[in-house]
Amino acid sequence: MAEQAPVSTYSAPTAAQQPSNEEIHATSLEEVWYLKEISFKPNTDGPPRRYKVITQNYNGPCSFIAICNILILRELIQILPYERTSVSYDYLSRLVAEYLLSACPDVDISAALSVMPATRKGMDLNPLFTGSALFRPAGSGGELKLFEQAGIKLVHGWLVDPSSAEHGVLSRTEDYDSSVNLLVEADHVTKGQLVVSDESAGPSAGPSRKDSAYTLTPEEQRKVEDALIIRQFIENSPSQLTYYGLFTLASELEPGALVALFRNSHLSVLYKSHGEDGALYTLATDQVFLHEASIVWERLEDVDGGWSSFVDSDFVRSSPAGGDYAGHTAESALAALEQQTGTFTLAESADEALARQLQAEEDDRTRELYARQAHEQEKERAERERAHAARQRVIDAAVRPKKKSDCIIM
């Protein structure tokens with residue numbers, strides 16, 4: 001049986017300092033996430049250990065959760081007491097902040113700390129198409145500082161193949177933001193004609209100096225041609241992962257590496273297994289798998305997830321439970337069976353009833369917080385959409401062809 005992970009380099013605050021479950025649930029609109037117990041071997045020589053990792057609800061901050069889970073699996077932070085079933089952003093942010101202060105005593109971590117609240121809504125990351133670990137800083141660069149000072153490598157697989165036709169153009173624009181800006185500029189130069197309708201699109205769709213109603217300078221013509229190539233690259237990699245990028249990650253990462261993978265505008269925990277296989281896996285943190293002990297990792301085998309498969313803690317293809325015991329471990333299924341057959345003693349039944357009551361109360365409070373959080377986030381999402389609607393329409397028009405009756409899915 002896997003042993004519980006030892007006390008980490010930096011653990012949670014003491015019992016007197018750490019917030020109680022009541023304090024966690026007291027603050028309205030505070031993010032709360034469930035914890036899932038998994039087994040993981042931090043090194044090949046030692047036995048597997050048990051860890052509590054953070055699961056993500058439908059609107060959770062994947063960036064911050066990925067950072068915390070990597071630190072947990074590296075035994076650099078630990079959520080205490082081990083028996084707790086849920087955790088809040090406030091608790092985790094203090095845990096990570098204390099770890100950064102202890103790990104970087106002589107380094108200015110203000111930029112990393114200042115960007116942590118923004119991880120609740122997402123992170124502004126700008127990958128370069130020419131390197132798996134290359135990102136451009138946004139704003140003050142606090143996003144990259146947070147990963148750097150936490151000792152977490154940030155990678156992506158949205159790479160252009162050096163032998164492809166797109167490489168020459170993308171090696172000049174280099175990053176995603178610059179490429180999108182070029183698309184917007186080219187669309188402006190062509191007076192909105194960079195994107196043509198499907199009815200008029202042909203093998204050489206796109207404006208040219210011969211058939212357009214305007215004249216382009218040689219510089220403008222090259223900008224339009226580059227924009228068309230960029231648009232094709234972005235359209236051909238909608239998951240923000242290419243096969244060249246996937247092969248690059250598999251070859252560059254060391255066995256046993258735990259890194260943060262930027263993909264499809266999300267962050268996840270990426271792990272490279274030991275042995276000849278050396279496969280890539282992402283940690284399955286979706287809350288829907290909270291009670292599925294056999295689903296721990298998802299094997300990363302292709303760019304669109306068509307061939308991906310779930311595996312358990314031993315990286316064996318998972319076989320989720322079915323029937324009346326779906327989502328239960330062997331132990332919890334046995335406990336449920338014993339309860340149904342009345343094999344508990346009177347004292348055990350009373351303890352079990354009290355535990356169920358306390359858990360039910362905690363689940364009710366958590367669901368109430370989720371409902372409030374969803375309402376508030378929906379309001380914020382609507383405000384953000386209105387604020388960025390004009391720019392988003394231009395970008396959407398520049399990166400994909402539109403039909404007359406197209407609907408834009410945000």
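From a predicted model like this one, the values you see are computed outputs, not experimental measurements.

Cut-offs used in this document
Residues numbered from 1 in each chain as written. Predicted model: local features only at pLDDT ≥ 70, side-chain atom pairs only at ≥ 80, totals over all residues. Heavy atoms only, no water. Helix = DSSP H or I, 4+ residues; strand = E, 2+ residues; numbered from the N terminus. Contact = heavy atoms within 4.5 Å. Buried < 20%, exposed > 50% of the residue type's maximum accessible area, 1.4 Å probe, protein only. Pairing = 2+ DSSP bridges. Core = buried A, V, L, I, M, F, W, Y, C linked by side-chain atoms within 4.5 Å. Axes fitted to C-alpha atoms, helices over the stretch in contact; angles between N-to-C directions. Phe/Tyr/Trp six-rings, centres within 6.5 Å; stacked < 30°, edge-to-face > 60°. Arc of directions from axis to C-beta. Salt bridge = Lys/Arg side-chain N within 4 Å of Asp/Glu carboxyl O.

### So, the environment of Phe315
So, point 1. Mapped onto the elements of the fold, Phe315 is located in the loop between strand E12 (309-311) and helix H10 (330-341).
So, point 2. Between the C-alpha atom of Phe315 and that of Tyr281, which follows or precedes it by 34 residues, the distance is 9.0 Å.
So, point 3. With sequence-adjacent residues up to four places away left out, Phe315 is seen in contact with Tyr271, Tyr281 and Trp297.

### Some points on the pairing of strand E9 (residues 266-272)
So, point 1. Judged by how many residues are buried, E9 sits mostly within the fold: 5 of 7 residues are covered.
So, point 2. Bridge count for strand E8 (residues 258-263) against E9 is 6 bridges, and the pairing is antiparallel. Across the sheet, Leu258 pairs through a bridge with Tyr271, a residue of E9.
So, point 3. Pairing geometry for E9 and strand E10 (residues 280-283), over 3 bridges, is antiparallel.

### Quick notes on the nonpolar core
So, point 1. Counting residues in hydrophobic clusters, the biggest one holds 52 residues, and the most contacted among them are Ile54, Leu73, Ile79, Leu92 and Trp297.
So, point 2. Looking at this core element by element, the count peaks at 9 residues for helix H2 (residues 62-73).
So, point 3. Once you skip the residues sitting within four places of it in the chain, Leu92 turns out to touch Trp33, Ile54, Phe64, Cys68, Ile79 and Val87.
So, point 4. Of all hydrophobic cores here, the second largest spans 16 residues; its members include Phe129, Val169, Leu170 and Val189.

### Examining the pairing of strand E2 (residues 32-40)
So, point 1. Of all the 9 residues making up E2, 8 are buried; the element is thus mostly covered by neighbouring parts of the structure.
So, point 2. With 3 bridges joining them, E2 and strand E4 (residues 86-88) adopt antiparallel strand pairing. Along E4, the bridge assignment pairs Tyr34 with Ser86.
So, point 3. Judged from the 6 bridges that link them, E2 and strand E3 (residues 49-54) form a sheet pairing that is antiparallel. Within E3, the position partnered with Lys36 by the bridge is Val53.

### Looking at the sheet that holds strand E7 (residues 154-156)
So, point 1. Strands sit in the order E7-E8-E9-E10-E11-E12 across an open sheet of 6 strands; the sheet is mixed. The sheet is open, and its two borders are formed by E7 and E12, each paired with just one other strand. This sheet shows a mean twist of 40 degrees between the axes of neighbouring strands, independent of strand direction.
So, point 2. Its contacts with the sheet put H2 on E8, E9, E10 and strand E11 (297-299), and the angle it makes with E9 is roughly 25 degrees.
So, point 3. Relative to E10, helix H9 (residues 243-252) is tilted by about 95 degrees, and along the sheet it contacts E7, E8, E9 and E10.

### Quick notes on the packing of aromatic side chains
So, point 1. Applying the stated criterion across every chain, the model contains 14 aromatic pairs.
So, point 2. Relative to Phe315, the ring of Tyr281 has its centre 4.8 Å away and its plane inclined at 50 degrees; by these criteria the two rings are tilted. In this pair, Tyr281 is assigned in strand E10 and Phe315 in the loop between E12 and H10, connecting sequence segments 34 residues apart.
So, point 3. Residue class for Phe315 comes out partly exposed when judged on its relative accessible area of 23%.

### Here we look at H9
So, point 1. Those residues of H9 that sit buried are Gly245, Leu246, Thr248 and Leu249. When H9 is viewed along its axis, its buried side chains cluster within an angular range of 160 degrees and face the same direction. In H9, the exposed residues that point more than 90 degrees away from the buried face are Phe247 and Ser251.
So, point 2. Against the buried residues of H9 lie E7, E8, E9 and E10.

### Considerations on the pattern of salt bridges
So, point 1. For the structure on display, the rule yields 11 salt bridges.
So, point 2. Residue Glu37 is joined to Arg50 by a salt bridge in which the shortest nitrogen-to-oxygen separation is 3.4 Å. With a gap of 13 residues between them, Glu37 in strand E2 and Arg50 in strand E3 connect regions that are remote in the sequence.
So, point 3. The class for Glu37 is partly exposed, based on a relative accessible area of 37%.
So, point 4. Since its relative accessible area comes to 27%, Arg50 is described here as partly exposed.
So, point 5. The shortest N-O distance in the salt bridge between Asp226 and Arg222 comes to 3.9 Å. One end of the pair is Asp226 and the other is Arg222, both in helix H8 (residues 218-236) and 4 residues apart, which spans about a single turn.
So, point 6. Exposure remark for Asp226: the relative accessible area of 12% places this residue in the buried category.
So, point 7. Here the salt bridges share partners, and the residues they tie into one network are Arg136, Glu174 and Asp175.

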